[in-house]
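Here are the chains, one letter per residue:
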Amino acid sequence: MSKSLATEEGRVAVLMGIASRTKPGLSSTPYGEVKLVTLKALLPSELAYMLEHGAEGQTELARRVVENSEERLSLFRRTPVA
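In this text the structure is predicted, and so the values were computed from the model without any measurement. (Residues numbered from 1 in each chain as written. Predicted model: local features only at pLDDT ≥ 70, side-chain atom pairs only at ≥ 80, totals over all residues. Heavy atoms only, no water.)

Caption draft 1: Inspection of the pattern of salt bridges at higher detail. In total, this model carries three salt bridges according to the counting rule given. Glu60 serves as the salt-bridge partner of Arg64, at 2.8 Å between the closest nitrogen and oxygen. Of this pair, Arg64 and Glu60 are both found in helix 1 (residues 44-67), four residues apart, which corresponds to roughly one turn of the helix. With a shortest N-O distance of 2.8 Å, Glu67 and Arg63 are connected by a salt bridge. Note that Glu67 and Arg63 are positioned in helix 1 at a spacing of four residues, about one turn of the helix. (Salt bridge = Lys/Arg side-chain N within 4 Å of Asp/Glu carboxyl O. Helix = DSSP H or I, 4+ residues; strand = E, 2+ residues; numbered from the N terminus.)

So this is what it looks like as structure tokens:
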């Protein structure tokens, strides 16, 4: 894991299952439908925001990530949304 994603304590967090506006939620395979799930790595400041604001903070972070059209990318060098 990139050091830029870890807090000083070594914690790393992700938002899981953010609905993507650009990618389908399901994919067909020879074995049937497969649900695609997003994992968005959070920057340390975003994790701090989420811990401070609880479930409401998590919802707000997810909203901001989708608003920035970054729900399916986890870039190490990006502007934090919180």
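Caption draft 2: View of the layout of surface pockets. Estimates place the volume of the largest pocket at around 170 Å³. For the largest pocket, the full set of lining residues is Gly17, Ile18, Ala19, Ser20, Lys23, Pro24, Gly25, Lys35, Leu36, Val37 and Thr38. A breakdown of the residues in the lining of the largest pocket according to their chemical character gives five nonpolar, four polar and two charged. (1 Å grid on protein atoms, 1.4 Å probe; cavity = no way out; pocket = protein on both sides within 12 Å on 5 of 7 lines; lining within 4 Å. Points joined across faces, edges and corners; volume = space filled by probe spheres on them. Nonpolar A, V, L, I, M, F, W, Y, C, P; charged D, E, K, R; others polar.)

None of this, on its own, says anything about what the molecule does.
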